[in-house]
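What the coordinates show
Each chain, written out:
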Amino acid sequence: MRYEDVIIRSYNAQKDRARVEDLERRCEVGPAERGFLFTDTLGDPICRIKNSPVYNMLVAELGDQLVGVTQGSIKLVTVHKPPKNLARVGYILGLRVAPLYRRRGIGFRLVIELEEWFIANGVDYAYMATEKDNEASFKLFVDKLSYVKFRTAAILVNPVSHQMSRISSNFEFEKLEVEEAESLYRKFMSSTEFFPNDIGNILRNKLSLGTWVAYPRGESWGATFPSSWAMLSVWNSGELFKLRLGNAPSSCLMYTQSSQLMEKLFPCFKLPAIPDFWQPFGFYFVYGVYREGPLSGKLVRTLCRLVHNMASKSKDCKAIVTEVGGSDTLRHHIPHWKFLSCPQDLWCIKALKNEDSNSLFEMIKSPPSITLFVDPREV
């Protein structure tokens, strides 16, 4: 069959669910030189986008074969584009093409069709994220589709141990009501790049476990802010889909098994065991991390320990994931395992309206903001 015979259409759950799941399994290939996290959608291919305000999944058919798929979501976010500093953006994710049908332009057509859907829905910019060394993705989006490098983020992954983390008695914690959390985010982070205008909907979502603040003991949380404080929110991504580790070296497996054995044989030593990442597992996503004051770095680390202890009580949660701006010093205060983390997650962007092209040029040339708001609905 010819390339022209490929049909691009919207996903039909009844007709396509099993075929998309099969395609995802056939596309499970990660970097050979290190571990790679695969996604198990638990039989729901649209699980990663269905909490977004507007979303769509497209599939590519060739005869009776489903040979490609991609997803997109739309929202209103902060961008540094005067005079409004708000833009409607479309996020592209989950682009897959069956191995036997690659290099035939199917991925290109899927993205073009998704961009047309974005334009029909008033989107100003389309963007995507990929690892810096993903050559195939870079060639498609940058070289062929005219996307440009925009920002770099760091994805930090920390294993969850059965052992509870020690939390300093020098700090106080408080879980905020949704209304207070939304007010604080709008006050302190609304100017952050890609801050979602519907932050209240995110905080009220059943997957959002809550927002916590930490501050020095002896100070109060109320009418005035403490001398140092930090804030973060937690999203239970494991309720939507699971992760699984692939392509890990045998030494990593041996270390995991050894650490688990040591924990069982010598529980009195309280040695943390590395979880079994080879089986599907759930994870928490930490988002909206903000801090102020000279002790704020320690407060962020302490809040991460609090989240770890929450996760350790969950039978299914084996990792805590956070994403921050690539130049954000927050990364030094957030515990993470280097082997599983991605230090350079590249964001690329494209203006979909002619009048926004000049604004995009100015955005790219301007120094990147240190902080970057990563929407948990797009993880």
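A brief look at the structure comes next. In this text the structure is predicted, and so the values were computed from the model without any measurement.

Glancing now at the packing of aromatic side chains. Considering all chains together, one arrives at 20 aromatic pairs under this definition. An angle of 75° between the planes, with centres 6.4 Å apart, marks the rings of tyrosine 287 and phenylalanine 373 as edge-to-face. One end of the pair, tyrosine 287, is in strand E12 (residues 282-292); the other, phenylalanine 373, is in the segment after helix H8 (357-365), and 86 residues separate them in sequence. Each member of the pair tyrosine 287 and phenylalanine 373 is classed as buried.

Moving on, we come to the pattern of salt bridges. Summed over the entire model, instances satisfying the criterion amount to 20 salt bridges. A salt bridge links arginine 9 to glutamate 61; its shortest N-O distance comes to 3.1 Å. Within this pair, whereas arginine 9 is found in strand E1 (residues 7-10), its partner glutamate 61 is found in strand E3 (residues 54-62), the two being separated by 52 residues in sequence. Assessed through its relative accessible area of 19%, arginine 9 is described here as buried.

The next point concerns the environment of leucine 303. When you line up the elements, leucine 303 lands in helix H7 (residues 296-312). Owing to a relative accessible area of 1%, leucine 303 belongs among the buried residues under this scheme. Sequence spacing of leucine 303 and phenylalanine 171 is 132 residues, and the spatial spacing of their C-alpha atoms is 9.7 Å.

Scoring rules and cut-offs
- Sequence order sets the numbering: in each chain, residues are counted from 1 along the sequence as written.
- It should be noted that, the model being predicted, local features are given only for residues of pLDDT at least 70 and side-chain atom pairs only at 80 or more, the latter also being counted only at that level, while totals for whole chains, interfaces and linings use all residues.
- Calculated side-chain values reflect all of the structure's heavy atoms, with hydrogen atoms and water omitted.
- Pairing of aromatic side chains requires ring centres within 6.5 Å, counting the rings of Phe and Tyr and the six-membered ring of Trp. Pairs whose planes differ by under 30 degrees are stacked, by over 60 edge-to-face, and all others tilted.
- In DSSP terms, a helix is any run of H or I states spanning at least four residues, a strand is any run of E spanning at least two, and both are numbered starting from the N terminus.
- Three exposure classes are used, based on accessible area relative to the maximum for each residue type with a 1.4 Å probe and protein chains only: buried under 20%, partly exposed in between, and exposed over 50%.
- Definition used for salt bridges: Asp or Glu carboxyl oxygen within 4 Å of a side-chain nitrogen of Lys or Arg.

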